[in-house]
Every structure is written in C-alpha cells, then in structure tokens.
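One letter stands for each residue in the lines below.
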Amino acid sequence: MTVDPVDPDFEELLRVLYQGHHFDFSGYKRTTLVRRVRRRMDLLGIDDFADYADYLEVHAGEFGILFSTILINVTTFFRDLPAWEYLQGEVIPRIIEGKGAEDPIRVWSAGCSSGEEAYTLAIVLAEALGADALRDRVKIYATDVDEDALERARHGLYSAKEAGSVPQELLPRYFEPRNGHWMFRNDLRRSVIFGRHDLVQDAPISRLDLLVSRNTLMYLTVESQAHILARLHYALNDTGFLFLGKAEMLLAHAGLFTPVELKHRIFNKVPTVGARERLLILAQGASGDGARRHDQVARLREHAADAAPLAQIVVDMDRTLVQVNQTARATFALGVRDVGRRLQDLELSSLPAELRSWIDEAHQRQQPVILRSIERVLADGGMQYLDVHVTSLADDDGAALGTSVTFADVTSHRRLQTEVAHAKQELETAYEEQQSTHEELETMNEELQSTVEELETTNEELQSANEELETMNEELQSTNSELQSINGELRDRTDELDTTSIFMDSVLASVHVGVVVLDAEMRVRIWNGMSEELWGLRAAEVLGEDFLGLDVGLPVDELRGPIRDCISGTDGHHSTALECVNRRGRHIRCRVTCSPLLGKGRSRQGAILLVESLPPMG
C-alpha cells in the first residue's frame, strides 16, 4: 500500500480531532475528507487547515458541526423500496426457515444514523414473525459513530414528512401519533438496541443472521473497506446475509461473499475456515502447559529471526510482545521490560500505523502486508517515513504462531523522491504554461478575426432591422388611424346609450306605479322610484337579489306562479289584486300586472311587474 503525500496541516488537523475527540478519520477517503472540511471552512471564512485547528480548540461546539458535515447522515424509512421488498419476500423467510421455533435472530444495522433503517428492519421482521415473536426472539443492534444521531434514534420520534416514506398500511400499525409527529411503538422499540460503534476501529458484533450496512463503506478508502468487509465476514453466521447500499459493490471481495441478488446488493457469506478464524480460535482457547508454551515461543522466535532483517518486533497469537530487536528498541524507545506486554498497551500499536488491523489482514490473506512510506512524527517534530512489512508466521505443519513486523527507514529515499517529483512537476508546469500561453495567443487571434466577422454581420443585421422598423412604423401609423376611427364610433354609441339610459330613467321616474323587472332566474334587474316609495327598499339594496326572497309588504309567494308562467311562455299577461302592507305599515290594496320581458327574436328573458295602488274598498 502506498500512501500519497498530503498537506501536513491537514494531517495535523486530523490528529487534533483524534486526540481531542477520539475519532479516527484516517480510514476515510482523503479527497472526500478534504472537500467536506473545506466546505465547512468556507462557511466560516477560514483558508488554512492550521487556522481551523486553532478554531476547533477555541470553539468546543464546532466539532459536532464538522462531524455532521463529514458524515452527512442521509437516511429514510424503506430507502430503495424494491430492495426492501426483495429482502422481505426472499431473504427474511430463508433466515426464519433456518431457525428453530424458539431460536434467537440477531441483526445488525451498521451506520444506522437517526434510526430509520433500524426501525424499518423491526417492521419487516414483525411482519414476518408477528409482534410477539419480535419481542421474544429478535435483537436488532443499531450502531453509528454520531452520538447526536443516535440520541435522536433512541427517541424514535419523526415528523410527518419523515414518516411519509413508511407504507400507509404500516404507519398506524407500528407508529403512534404524538403532537403532529409519529413515534415508533414503545413495546417493539425494546427489540432495537442503539449504541456507538466505529466500523474502522471497534470489534464487530458477532453471530449475526443479517447485517445491514447501506452506503457506509463508500466514504472509506479501499484499504479500510477491505478491512471492514473482513470483519463483517467474521461477524456473520455461515448462513448469514449482507445487505449493502445501492452505490456499493463487492467486486474485489468475491472470496468473502457471493451475490444473492446483485441488483439489490444482497450477498451470502462464503463460509471459510482460514487463517483469521484459526488465529481467533488460538487467541481465545490457547492454554497448554508450560513446556508446550515454551516450545511454541522458541519456534516463534526462530521463524521471526529469519523474517526480520531490519527493525523487528514479534507478537504471538495473544498479541503479546515476545521479541524486539536492538534496532526496534532504539527506533521506538522499547526496552526489555516491554517484552511480555500486550501490543495494544504499547504506543507502537498505533504508530506509525494501526498494526493490529494489518496483523489481522496478514493472517487472513496468508501473505505479507506491505505498507509503504508510512509517516511517523518524531519527538522533535520531524517526520520519518517507514516501509512496514507485516508477516504471518506459521509452524512447519501450517499452524499459526504469531506475527513478525519489520520497519525500514526510507526517509532519505522519500525526500529524494519528493525533490525529484517537485523538480519534475516544476518543469512540467513551466512547459504547460509555455504551451498554454502559445495556445492562448492563437486563440486570441482567432477570436479577434471572429469578432471582426461578427461585427460585419451585426452591421448588416442592424441595417435590415432598421428597414423592418421603418416598415413597422408605417403599419403602426395605419393601425393608429383605424383605431382612432373605431374610437370615434364607440364614443357615438356610448353617447346614444347614455341618452337612452337617461330617457328610460325619466320614464320610470314619471310613472306613478311600481315597476319591477326580473330576469329568467327571478332576480331583480329594475326597481323604480315608486317601488322604493311603496316598500321602503332602495334599488341598490335589491338589484341582483331573488325577488321571491325579498322581505317586503308585497305577498311575493302569491306571484310565484304568474311570474313563472310569464317567463316559461305559458301565459301572456296576468293581473291580480292583493292585500299588501306599505313601507309605513299600512294595509293597502294593490293590483299587480305581470307581463313577459321579450328579447331578441321575441324570446322570453324575464318578467315585468307593474304594481298599482288601489283605493280602499267602499
């Protein structure tokens, strides 16, 4: 593995994050990390990584914001629904068939974020087993590195928008309404166990039937992905299933998993009993007598001596330091007293690389793991570069004994490489700048020629446009004359209408009978002054109102039939005498004459009512 040189200030920022907050971003893709950290720095107006490291030291709350920026927790219930439907219809039944009626079912949601994925698993399993069996048999371990997201997941409370991705028939079955939100059922919530877990650093949960890790690995380096997939392989039962995200593949790890449904990223574990499994068995169960232990250590030292030409340490299967040569003691400040200590208790376990993970990989692959140009910060602040060789040691019969780790100082070679690379880069940059300048000059010349041609074309277009504008101006003048003529005609018609309106108003005002004109829907269209005098309602109060709904002294219900006959055409005229009450509350007799209102073509469009006050009967 070759580690590309990176900005020392950025590496120092990662060390600040690790030392101050105990989170190791070393396994994440550098380009992704730098881009997301830069995004946060741009929002704060900070240009240098060193300045941002100082900012983090001063502002305690900034780490949480940066953490969320880097991880970008994106999740929903039943995300990528066809994949979940396949899991529910094909995979879950296979898991249940392989179990006894009372056997437990263990599931792990790795990178669960705010909990939607874990609760989706609970719903799917409850649909297959029933709620009672879910509570009794199923454990869903939901983990993430983001404590804030885990805290929200533990509450199980989601907005209506967030819960909208749950199928409508399942929502009321597994959630309870709570102040405009939806909360996952508390009795089923106990089957989901939330906790913090770092896939890169922490030991995996074991004996799993189903492991769900969707779109978590894609943010990590290829090396970290390989390391984590080896751990996930160990975590699963031999018949277990792995469910990855849509953006993740396993092309480089066909030896660990085989596709069940590649379209939906569902895989089976490939059962193996390889070096890594043998190492775990030895680490957990080795307990021979003293002579056997002494003989094993002797053979271990013999093989380690053959495999360590430079600074070398040797650890046994329990990760206990059993040998360290002189160069290693000088390089890493180790002494004889350190022999017999666990590797995890030594500073060497994490510097210059995470040795424990690479030891696992060497035993799993059964071949040396080589890490090139690993950076190590010295006590005086200087930088040392080491090539690290991790070699699995086995006895003559193939039984694993332990691990040899050797370190080669390649600092001088690395510096020379860097200087040569910088010189080469400067030469290439100078040549590219010269080529770029030449190309820019040629491009500018072509652009000038093109501009001249465009200006000539534009001039011709402007002349043509000017001619078109002159033509349009003539047409507009002609159109304006026509509009003026039409406007004069409209004014004449308006004057005629005004005259007619004044004439009609005068006629209606001079008539000493009440005149009411109704349209076809019996709404009032005309209400003359005599009608106002008789019934006490102004024209503005009744125009547009239903005549039969007016509350006046005129018994309008008795006129419903005659008015309808006039409008429908069954009768021509109708006259009747009615007992009424005028606007002063006096009882009077009136004659009401109903005639049809004729329109164009003598069609009936309403009715005309003439209301005449009669003298009282003798």
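All figures in this text were calculated on a predicted structure; none of them were measured in a lab. Every residue gets a number counted from 1 within its own chain, in the order that chain's sequence is written. In view of the model being predicted, local features appear only for residues whose pLDDT reaches at least 70, and side-chain atom pairs are presented and counted only at 80 or more, with totals across whole chains, interfaces and linings using the full set of residues. The side-chain figures draw on all heavy atoms in the structure; neither hydrogens nor water molecules are used.

A short note on the nonpolar core
Put simply, a nonpolar core is a bunch of buried Ala, Val, Leu, Ile, Met, Phe, Trp, Tyr and Cys residues held in one set by side-chain atoms that sit within 4.5 Å of each other. The cut-offs for exposure are 20% and 50% of the maximum accessible area for each residue type, with area from a 1.4 Å probe on protein chains only; residues under the lower value are buried, those over the upper are exposed, and the others partly exposed. Formed by 43 residues in total, the largest nonpolar core has its most connected members in Leu-87, Phe-175, Phe-194 and Leu-210. Element by element, the count of residues in this core is highest for helix H6 (residues 116–129), at nine residues. Contact between two residues is taken to exist if any of their heavy atoms lie within 4.5 Å; hydrogens are not considered. Among all residues touching Leu-210, those that are not within four sequence positions of it are Leu-87, Ile-92, Ile-95, Arg-106, Val-107, Trp-108, Leu-121, Leu-236, Phe-241 and Phe-243. Listed in part, the 29 residues of the second largest apolar core include Leu-537, Leu-548, Ile-588 and Cys-590. What counts as a helix is a DSSP run of H or I of at least four residues, what counts as a strand is a run of E of at least two, and both are numbered from the N terminus.

Re unusual backbone geometry
Generally, phi is negative for residues other than glycine and the peptide bonds are trans, each holding for most cases. Not every positive phi belongs to a glycine, and Phe-78 is a case in point at roughly 50°. For Phe-78, the location among the structural elements is in the loop between helix H4 (62–71) and helix H5 (81–97). Phe-78 gets classed as buried once you look at its relative accessible area, which sits at 7%. The phi angle at Met-522 is positive, at roughly 65°, despite the residue not being glycine. Along the chain, the position of Met-522 falls in the loop between strand S16 (514–519) and strand S17 (524–527).

What to know about the packing of H5 against H6
Lines are fitted to the C-alpha atoms to define the axes, a helix being fitted only along its stretch in contact, and any angle between axes, read from their N-to-C directions, falls within 0 to 180 degrees. Orientation of H5 relative to H6, taken along the N-to-C sense of each, is 60°, at an axis distance of 10 Å. The angle between the axes of H5 and H6 places the two elements in the oblique class. Crossing handedness for the pair H5 and H6: right-handed. Here Trp-84, Leu-87, Gln-88, Ile-92 and Ile-96 of H5 lie close against H6, whose contacting residues are Glu-117, Thr-120, Leu-121, Val-124, Leu-125, Glu-127, Ala-128 and Leu-129. An angle counts as roughly parallel when it lies under 35 degrees, as roughly antiparallel when it exceeds 145, as roughly perpendicular when it falls between 65 and 115, and as oblique in every other case. A crossing counts as left-handed when the near helix is turned anticlockwise from the far one by less than a right angle, and as right-handed when that turn is clockwise.

Re helix H8 (residues 147–155)
Residues of H8 that are buried: Ala-149, Leu-150 and Ala-153. Take H8 and look down its axis: the buried residues cluster within an arc of 100°, on one side only. Close packing links the buried residues of H8 with H6, strand S2 (138–144), strand S3 (157–159) and strand S6 (192–196). The opening residue of H8, the one whose side-chain oxygen lies 3.0 Å from the backbone nitrogen of Asp-148, is Asp-146. Phi for Gly-156, located one or two positions after H8, is positive at around 65°. Throughout, the arc means the angular range of directions from the helix axis out to the C-beta atoms. Residues adjacent in sequence count toward polar contacts only when both atoms are side-chain atoms; beyond that, a polar contact is any pair of N or O atoms within 3.5 Å, and within protein one must be able to donate a hydrogen and the other to accept it.

Overview of the packing of aromatic side chains
Two aromatic rings, taken as a pair, are described by how far apart their centres are and by the angle between their planes. Pairing of aromatic rings covers Phe, Tyr and Trp, the last through its six-membered ring, and needs centres within 6.5 Å; plane angles under 30 degrees mean stacked, over 60 mean edge-to-face, and all others mean tilted. Scanning the model with the defined rule gives ten aromatic pairs in all. Between Trp-84 and Phe-243, the ring centres sit 5.3 Å apart and the planes meet at 80°, which makes this aromatic pair edge-to-face. Here Trp-84 is found in helix H5, whereas its partner Phe-243 is found in strand S8 (residues 236–244), with 159 residues between them in sequence. Like Phe-243, Trp-84 is buried. Both rings, one in Phe-175 and one in Phe-184, keep their centres 5.4 Å apart while their planes meet at 80°; by these two values the pair is edge-to-face. Look at Phe-184 and you get buried, because its relative accessible area is 3%. Chaining the aromatic ring pairs together yields one cluster made of Phe-77, Tyr-119, Tyr-158, Phe-175, Phe-184 and Phe-194.

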